[in-house]
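Overview (structure and organization)
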Protein chains: 2
Amino acid sequence: MPTATKNKAKSGSKSSKTKYVYFFGAGKAEGKAEMKQLLGGKGANLAEMTNIGVPVPGGFTLTTETCAEFYKNNKQWPAGLEQQVKENIVKLEKAMGAKFGDRHNPLLVSVRSGAAVSMPGMMDTVLNLGLNPDVVQGLIVKTENERFAWDSYRRFIQMFGDVVMNVPHDDFEHILEKKKADLGIELDTDLSANDLKEIVRKYKEVYTKHTGEEFPNDAFEQLKKSINAVFISWNNPRAEKYRQIYEIRGLLGTAVTCQAMVYGNMGDTSGTGVCFTRNPSTGENKFYGEYLVNAQGEDVVAGIRTPEPISVLEDKWPKIYKQLDALRTRLENHYKDMQDIEFTIQEGKLYILQTRNGKRTGAAGVRIAVELVKEKKITQDQAILRVDPKSLDQLLHPTFDPKQKKNAIGKGLPASPGAATGKAVFSADDAEALAAKGEPVILVRIETSPEDIGGMNVAEGILTARGGMTSHAAVVARGMGTCCVSGAPEVKIDYAKKQFSCGGVTVKEGDWVSLDGSLGEIYAGKLDTVTAQMTGAFGTLMKWADAARTLKIRTNADTPNDAHVARGFGAEGIGLCRTEHMFFEGDRIIAVREMILANDLKGREAALAKLLPMQRGDFEGIFKAMNGLPVTIRLLDPPLHEFLPHEEGNQRQMAEVMKVSIDIVKEKVHKLHEFNPMLGHRGCRLGITYPEIYKMQVRAIIEAACNVKKAGIKVLPEIMIPLIGTKKELEILKADAIQVIDEVFKAKGFKIPYMIGTMIEIPRAAVIADSVAEVAEFFSFGTNDLTQMMFGYSRDDAGAFIGEYLNQGILEKDPFQTIDENGVGQIMRMGVERGRSTRKDLKVGICGEHGGDPASVDFCHRIGMNYVSCSPYRVPIARLAAAQAVVRAKKKKK
Amino acid sequence: MPTATKNKAKSGSKSSKTKYVYFFGAGKAEGKAEMKQLLGGKGANLAEMTNIGVPVPGGFTLTTETCAEFYKNNKQWPAGLEQQVKENIVKLEKAMGAKFGDRHNPLLVSVRSGAAVSMPGMMDTVLNLGLNPDVVQGLIVKTENERFAWDSYRRFIQMFGDVVMNVPHDDFEHILEKKKADLGIELDTDLSANDLKEIVRKYKEVYTKHTGEEFPNDAFEQLKKSINAVFISWNNPRAEKYRQIYEIRGLLGTAVTCQAMVYGNMGDTSGTGVCFTRNPSTGENKFYGEYLVNAQGEDVVAGIRTPEPISVLEDKWPKIYKQLDALRTRLENHYKDMQDIEFTIQEGKLYILQTRNGKRTGAAGVRIAVELVKEKKITQDQAILRVDPKSLDQLLHPTFDPKQKKNAIGKGLPASPGAATGKAVFSADDAEALAAKGEPVILVRIETSPEDIGGMNVAEGILTARGGMTSHAAVVARGMGTCCVSGAPEVKIDYAKKQFSCGGVTVKEGDWVSLDGSLGEIYAGKLDTVTAQMTGAFGTLMKWADAARTLKIRTNADTPNDAHVARGFGAEGIGLCRTEHMFFEGDRIIAVREMILANDLKGREAALAKLLPMQRGDFEGIFKAMNGLPVTIRLLDPPLHEFLPHEEGNQRQMAEVMKVSIDIVKEKVHKLHEFNPMLGHRGCRLGITYPEIYKMQVRAIIEAACNVKKAGIKVLPEIMIPLIGTKKELEILKADAIQVIDEVFKAKGFKIPYMIGTMIEIPRAAVIADSVAEVAEFFSFGTNDLTQMMFGYSRDDAGAFIGEYLNQGILEKDPFQTIDENGVGQIMRMGVERGRSTRKDLKVGICGEHGGDPASVDFCHRIGMNYVSCSPYRVPIARLAAAQAVVRAKKKKK
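In short, a report on the structure. Remember, predicted model here, so these are calculated numbers, not experimental data.

Quick notes on the overall build of chain A
Per the secondary structure count, chain A includes 35 helices and 34 strands. Along the first, second and third principal axes, the C-alpha set of chain A runs to 105 × 65 × 55 Å. Here chain A, with 894 residues, has 56% of them falling under the buried criterion. Of the accessible surface of chain A, which amounts to about 37100 Å², a share of 49% is contributed by carbon and sulfur atoms. If you average the places of the 119 positive and of the 112 negative side-chain charges in chain A, the two averages end up 7 Å apart.

Section: the pairing of strand β30 (residues 716-721) of chain A
Residue and element names in this part refer to chain A. Taking burial as the measure, the 6 residues of β30 include 5 buried ones, the bulk of the element. Here 4 bridges tie β30 to strand β31 (residues 755-760), and the two strands are oriented parallel to one another. By the bridge assignment, Met720 is partnered in β31 with Gly757.

Considerations on the interface of chain B and chain A
Between chain B and chain A, the contact holds 52 residues from the first and 51 residues from the second. At the boundary of chain B with chain A, total buried surface from both sides reaches about 4600 Å², with 56% on carbon and sulfur atoms. Sorting the residues of chain B by area buried against chain A places Phe675, Leu679 and Arg764 of chain B first, and these three jointly supply 15% of that buried surface. Taken together, the links from chain B to chain A amount to 2 salt bridges. Joining chain B to chain A, the criterion identifies 24 residue pairs in polar contact (both at pLDDT 80 or more). Those elements that provide at least two residues to the side of chain B that touches chain A are α10 (237-245), α26 (684-689), α28 (727-748), α29 (763-767), α31 (783-791), α32 (799-807) and α33 (821-838) of chain B. With 6 residues, the top contributor of residues to the side of chain B that touches chain A is α33 of chain B. Along the lines of polarity and charge, the residues of the side of chain B that touches chain A split into 23 nonpolar, 16 polar and 13 charged.

Structural notes on the packing of helix α27 (residues 691-710) of chain B against α28 of chain B
Residue and element names in this part refer to chain B. Their axes nearest at 9 Å, the elements α27 and α28 cross at an angle of 40 degrees. Relative to α28, α27 is oriented oblique. In this structure, α27 meets α28 at a crossing whose hand is right-handed. Contact with α27, carried on its side by Pro691, Tyr694, Lys695, Val698, Arg699, Ile702, Glu703, Cys706 and Asn707, involves Leu733, Asp736, Ala737, Gln739, Val740, Ile741, Glu743, Val744, Phe745 and Lys748 of α28 and no other residues of that element. Each residue belonging to the contact of α27 with α28 can be placed in one class, and the counts come to 11 nonpolar, 2 polar and 6 charged.

Re the sheet that holds strand β32 (residues 778-781) of chain A
Residues and elements named next belong to chain A. Strand order in this closed barrel of 8 strands is β27-β28-β29-β30-β31-β32-β33-β34, and the pairing throughout is parallel. In this sheet, adjacent strand axes meet at a mean angle of 30 degrees when their direction is disregarded. On top of the sheet, helix α28 (residues 727-748) reaches β30 and β31; it is set at about 150 degrees to β31, its chief contact. Lying over the sheet, helix α35 (residues 875-893) contacts β27 (552-556) and β34 (867-870), oriented at roughly 155 degrees with respect to β27.

Comments concerning helix α14 (residues 362-374) of chain B
Residues and elements named next belong to chain B. The terminal C-alpha atoms of α14, which comprises 13 residues, lie 19 Å apart, in line with the 18 Å expected from a rise of 1.5 Å per residue. Buried residues in α14 make contact with α13 (318-335), α15 (380-386), α16 (393-396) and α20 (536-548). Positive backbone phi, approximately 60 degrees, marks Lys376, located one or two places after α14.

Looking at the environment of Leu608 of chain B
All names here are of chain B. Mapped onto the elements of the fold, Leu608 is located in helix α23 (residues 601-625). Remark: the alpha-carbon pair of Leu608 and Leu131, spanning 477 residues in sequence, is separated by 87 Å. Not counting the four nearest positions on each side in its chain, Leu608 is found in contact with Met595, Glu692, Ile693 and Met696.

Quick notes on the pattern of salt bridges
Residues and elements named next belong to chain B. On inspection of all chains with the given rule, the structure shows 114 salt bridges over all chains. Here Asp325 and Arg328 are joined by a salt bridge, their closest N and O atoms 3.4 Å apart. Taken together, the residues Asp325 and Arg328, both in helix α13 and 3 residues apart, mark about one turn of the helix. Accessibility expressed as a relative area gives 27% for Asp325, which makes it partly exposed. For Arg549, the salt bridge is made with Glu572, and the minimal N-O distance between the two is 2.9 Å. In this pair, Arg549 is assigned in the loop between α20 and β27 (552-556) and Glu572 in the loop between α21 (560-568) and β28 (574-578), connecting sequence segments 23 residues apart. A relative accessible area of 10% means that Arg549 is categorised as buried.

Focus: the side chain of His861 of chain A
Residue and element names in this part refer to chain A. Of note, His861 is situated in helix α34 (residues 854-862). In this structure His861 comes out as buried when scored by relative accessible area, which is 18%. Beyond its immediate sequence surroundings of up to four residues, His861 is in contact with Thr550, Leu551, Ala885 and Val886.

Things to note about the nonpolar core
Among soluble globular proteins, nonpolar side chains are generally buried collectively. Membership of the largest hydrophobic core comes to 320 residues, with the highest contact counts inside it found for Phe623 and Ile702 of chain A together with Phe623 and Ile702 of chain B. Sequence-distant contacts of Ile702 of chain A, defined by excluding residues within four places in its chain, comprise Ile719, Ile741, Val744, Phe745, Ile752 and Tyr754 of chain A. Phe70, Leu108, Ile157 and Leu223 of chain B belong to the second largest nonpolar core, which has 73 residues in total.

Quick look at the packing of aromatic side chains
Scanning the entire structure with this criterion turns up 51 aromatic pairs over all chains. For the pair Phe569 of chain B and Tyr873 of chain B, a centre-to-centre distance of 5.3 Å together with 55 degrees between the ring planes defines the contact as tilted. Placement of the pair is Phe569 of chain B in the loop between α21 and β28 and Tyr873 of chain B in the loop between β34 (867-870) and α35 (875-893), with a sequence separation of 304 residues. Residue Phe569 of chain B is classed as buried on the basis of its relative accessible area of 11%. Using a relative accessible area of 22% as the deciding quantity, one classes Tyr873 of chain B as partly exposed. Through pairs of rings, three or more aromatic residues link up here, namely Phe156, Phe160, Tyr207 and Phe215 of chain A.

Section: the relation of the copies chain B and chain A
In summary, the two copies of the chain are related to each other by a rotation about an axis coupled with a shift along it. By a simple turn and slide, chain B fits onto chain A: the slide is 0.0 Å along the axis, the RMSD is 0.2 Å, and the turn is 180 degrees. Seen this way, the second copy is the image of the first under a two-fold rotation axis. Using C-alpha coordinates, one finds that chain B approaches the rotation axis most closely at Asn676 of chain B, a distance of 2.1 Å. Mapped onto chain A, 98% of the interface residues of chain B are again interface residues, and the two copies thus contact each other with one and the same surface.

Looking at the packing of helix α7 (residues 169-183) of chain B against helix α8 (residues 193-211) of chain B
All names here are of chain B. Interhelical geometry of α7 versus α8 gives an angle of 150 degrees and a closest axis separation of 10 Å. When the axis of α7 is compared with that of α8, the two are roughly antiparallel. The crossing of α7 and α8 is right-handed. Every residue of α8 that contacts α7 at Asp171, Phe172, Ile175, Leu176, Lys179 and Leu183 is listed here: Asp195, Glu198, Ile199, Lys202, Tyr203, Val206 and His210. For the contact of α7 with α8, the per-class residue count stands at 7 nonpolar, 1 polar and 5 charged.

Description of the pairing of strand β10 (residues 288-293) of chain A
Residue and element names in this part refer to chain A. The pairing of strand β9 (residues 271-276) with β10 spans 6 bridges and is antiparallel. Across the sheet, the residue bridging to Cys275 is Gly289, located in β10. Across 2 bridges, the pairing between β10 and strand β11 (residues 308-309) is antiparallel. When the bridges of β11 are listed, Tyr291 appears paired with Glu308.

Parameters at a glance
- Residues numbered from 1 in each chain as written.
- Chains lettered and ligands numbered in written order.
- Predicted model: local features only at pLDDT ≥ 70, side-chain atom pairs only at ≥ 80, totals over all residues.
- Heavy atoms only, no water.
- Helix = DSSP H or I, 4+ residues; strand = E, 2+ residues; numbered from the N terminus.
- Buried < 20%, exposed > 50% of the residue type's maximum accessible area, 1.4 Å probe, protein only.
- Areas by Shrake-Rupley, 256 points an atom, 1.4 Å probe, with all protein chains shown as cover.
- Lys, Arg positive; Asp, Glu negative; His and termini not counted.
- Charge placed at Lys NZ, Arg CZ, Asp CG, Glu CD.
- Pairing = 2+ DSSP bridges.
- Contact = heavy atoms within 4.5 Å.
- Buried area = accessible area lost by both parts, 1.4 Å probe.
- Salt bridge = Lys/Arg side-chain N within 4 Å of Asp/Glu carboxyl O.
- Polar contact = N/O pair within 3.5 Å; in protein donor to acceptor, adjacent residues only side chain to side chain.
- Nonpolar A, V, L, I, M, F, W, Y, C, P; charged D, E, K, R; others polar.
- Axes fitted to C-alpha atoms, helices over the stretch in contact; angles between N-to-C directions.
- Parallel < 35°, antiparallel > 145°, perpendicular 65-115°, else oblique.
- Left-handed = near helix turned anticlockwise from the far one by under 90°.
- Expected span 1.5 Å × (residues − 1).
- Core = buried A, V, L, I, M, F, W, Y, C linked by side-chain atoms within 4.5 Å.
- Phe/Tyr/Trp six-rings, centres within 6.5 Å; stacked < 30°, edge-to-face > 60°.
- Least-squares fit on C-alpha atoms with pLDDT ≥ 70 in both.

Here it is in structure tokens:
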């Protein structure tokens, strides 16, 4: 039938000559690492390992094309496939010295899925394939372990029944549970060989009941059905959903790898273990790992028997050890990274089951990367890319001593990293009072507000029931480098009783409580913390990063102390010094409130005159700390009502201090109340309606700068006007500022260099950046507010839906943590381009929370910013991320 | 000195041959209307009138170039100027038959500024120039009015002293006031000729004291100094500020016009009057005006004597009347619009002092424009441009009978036009109760919230102490076509006492109060209203507009009644039907609150099942009203807490109705509280977290559509999903909707056409419009929210600074009233372009408040939208504005 053949060819089906199956084993593989698309990740890796002489158990891989053909062909094997599979089985039998379905020397295999892109756990697997009642007998002889043989058969029937034939999993489990109940035992391991034999019988009955056929004894039939089941699992709803969420497209299907099973529990010449080519905790270049004789992989994990360190192997089985040690070097040289290797010794023969880049601590990551460069295995650029910047966090913050027992009572968001332990208090005032006695405190609040700043400042850690990763508590805590867990809804706080309950535990005022701000965990009781040592490798890596990067890294710092810390971490200036926090300190709040209560300009000016010397003093301290580096100071940003108390008790107290009636306080609070304070009377809008406030601040900045200059300090103040939405706002406020500055210069008799710029945080400002840049000498993107307005999300309220949005994949990442490149990023790019269209040398930076997020730093580099600014503890992270951005761009160019 | 001459030429100075002065008078002028840049607006207009045979008092204009030369020349007259001025004086004397500085037949002149762009009141003027003691005597003989002559001289000295020589204005006033005090009189007019003569003496003393010189008697000296003063006033701080604010740039300077003074009070053959070429109230083509014999212009205005109607003139001075009537025709033919003409008759000779396009009522404007077309004086396109769309408002809303006395006690913002009178009530419940008794009510609130909707719906008018032009009260009132005055801070409301005070008057519950929503005025007492008649001309104009425009005009309507009204006004569909208002009506709020209180999906679905038939009924009513026209329905938008009561009393009431404890209500309110509800859990975010709500709404829409279709109604529902910020939100919600729709179609056994689209109101959505349009079948720009987020202004809070922003020229217009083209507009344009880049035939409209603003309608036309949607009463405005947009674009092309 030549016509039919022709049609077949036309329809795109493969001819019988197509190579569907790729063999690996006995030191040679038909595939290689680069054939991921065809062989799937697993198949390609097994081929690669085989090729470089790693003794992996042999096997063969059915290509992803085979899967596609299978579907095209109405879920039938394409012509020629059966022949190829059978040929490969023969090859495999030869390689493994065993025979498929043979009762004397049986070859058992696993059948696994493996697409070009990893989809962990989404598709099906069958193990121990090749068993039947005869083969079980052979296995008993071979392993001298009757129980193992029957248990393997039992597992195989259950897996095959479930995966291949859709026999309800529960029906099998029910038999197992009933047997245990009848025997009065609890663990599967307490079942004897005879018990298992009995269970196998019952399993087969269930199988027959559901499928209408006998459980297959023929190994090839078992194999064929299992392969088909894996192909079909490619399109199960779970896998489809997964591909949809992660936008995995353009794949042909899954490959299927059939691999010889090996067993570490075949007696005293067998064993199994896990090893790392270097120490994954410290990074030390020393073989590290452990193994168990006569055991399976799961025995190592289960912890019933204590494994031996790998060094013992050297004495016990020196040949195997030598072989393993040689593989350690070979694998590291090949993959150029520390490897996590799973191995099994079956009857004196070593098999490598898996190798992959090993997980490691932050410190180990840095050390390994640096030492690999010194060993000339990788380049400096590669080392820079090798370390996840976020992992540096661990190196910079204290952590809990891992040896102690921890009793986690609840979980919130990991809002600000580090570990903290202290006595619970429930108000900022109590925090200050207890801290003044030298006690470590943990401040516990439903949510925090700027009124709490004093208490937050003295607390070891902060816990809030409400608020997201960018809530007030989280932002301030990160800025302070203080550990914080936010948004822990299980934490029920009772302010009246001064206690909270969580996870069934009630913590009263004064009780010890501990927080892990890196994990978001809450513990009852006191825990010991340890400060991670900074190794020399860390310094080396940072040096390389600094040499590579072009972005400057500044810090967000409001106090001389923050500034010192950040400078220690390598900050090259202050990108955001918020002035409002200064308004809360000590008695200043009284003057601030006087200003707010004043009915006229004169009254406001009198109050501001009291604040002037205090602000000037703040700035002098900061300028001294940053000697020689630029300092960007943002003029007052929050709405005035944030400086007034909202609880009646505090209002009464304020009224007493201010010597006015509480009604006046209440009326002012009422008058200043806003429905959407985020979009209200704040930022430069205050500067326009109350020019005297900004004038005072500008005077304080410039007088401070002149004063420290006289003391020999090099000072570079950059005055930043927030919330600009129109060019005219900036024109007016810049003119106001220059007037004050010129007055100060005249009075002092000398000048200092300064700049006046703006934040770009209102979407409109980014759109009209060309005209804003006619006035602004620098831009600093306020990505927090910009994200809020571009998305229409209130940071404080988005918690109600943002979790669901991340779950459903509506948002890939929390846009308050990583800049949303598609939306917010577009407008930022526009802002930079348009700004530089009218002012070529415009200095552009970012001072939102995103400045410490590696992906966001990369984006800032790509759109040509000059610097990013982040909280002190994130400076090293940003330095590394900025270097990675350069290296990545270099790679792309190539 | 040839070198010097050369240098002079090089420096750009004009040679002595430059023509600095342009004459007009005796029926001929050297200038014309097109020479505005050179002669200023005033000079060019006077020349134009002279040229077309209008008898204006003669004069001459010094060019704007002269002003520039004056400044270049160190504030000296350029060579040749004095000669030219003197020649023009001679010409003027000849034209006027009088002599400058002559005591027998004196020529007096005025000296006025006039730049190319009008800057009203910014620069200086001197009147009655040419007087001295001798000339005064001549004037007495000529006018037979000694008092007039001395008063003119007094005024001249004061004006010259003040304007030209900077003698403090107060010093003159002091003399005048002292004299009146000495005489025990109050009015200037009670001063006798002798008193004025005495004052002249004292004025001259003051003059000499301040200037060190005698008051000049020489007319030319007076003239020269006055001209210089006007030149100098070009750069006074007031004028500079004005040019800065209005961004008037590129002008050479001001022109100066010297014009013969004429007097209507020179005896019984003199007189003065004002006339309109058509009736400015009705537009009727009938000569209209009034005059006074032997009087000055200010006497007509002052109202001490009652002027005669212009028709009397016909009998009295038929020759003058005939001349005036001929000018009426000539001026209208020339300017092609109804003219407002000021004239003076000096000793039997008619002079026209000014003609300009006359102000008119909305109705007159329409009639005049239409009749001018019928008279073939202007084209239809010109008529379309001639009527200010906003003026149509008057034709559509009731107004107060202008004859009655009105006692305005306060002023707020003109939030929603019309006039209303009713009894004051202070809560929505009271409003409903009183209205149920058939009483007209005015609802008075500090501010309104969605809870007040029932009361707002029955009120004749709404008054709020707080909130801007786009506050809740304003937006809802405009939507309802209900008169509203918002943001009246003087209105002090005492809910407890059920009263408010304003302007010293206290209005108690049940007292009559009236509101003018077009002016923003508040009146105590009851006022009569009249409904303006729609003339046939209105219909004609609308017909022309409809023929011209390409934009469709839809309406925002939430009820069948709104829909009917809007259809009557020519709406071509509903562009925004808000569904949340439906949630408040009658008992529905109970079911809504049940849904909110429910703890699980089942509970919510049960409550929603109760709402379904009610919503379906609403939609059926609306679909019937809009038979054949598209109806865009927006799914639920506001955050859920808007449906819960916030005052304790109401919470208690709700708890009783719902049969739960008040604590449960309070806890829910607390849980749903948001810091920035504008940016909170609302719009499609509700649809994502509670899909059952949108599903119920979609079901109600489609079931209603199917039901009315069966009844023979043509139905075109467009389902609009609000607050989309990502493509995925829309994908999920569209899929949800389609699932429900297909269920309904299956159950009904037939299908209807429908569309699913989105609002573009989140800035991010506009930026990623290309990908949103892959899912959305239409876009509707929600410009209210888009403006809020692009500017970062909360509509409810911006009142605190937006006034100051408008005052200081930071904002040219309130961006909530007129689309901010530079900022918000750019992102809208981007949204339209990007949307159509992936969906070519994407239907695009706008449904914010801006849909009824003419400038915004023009913008929407320019960026290629398909329709605008506005409140019912604004539909005719939008129709006209859309036509104007087309005509304007046509003109631009030419």
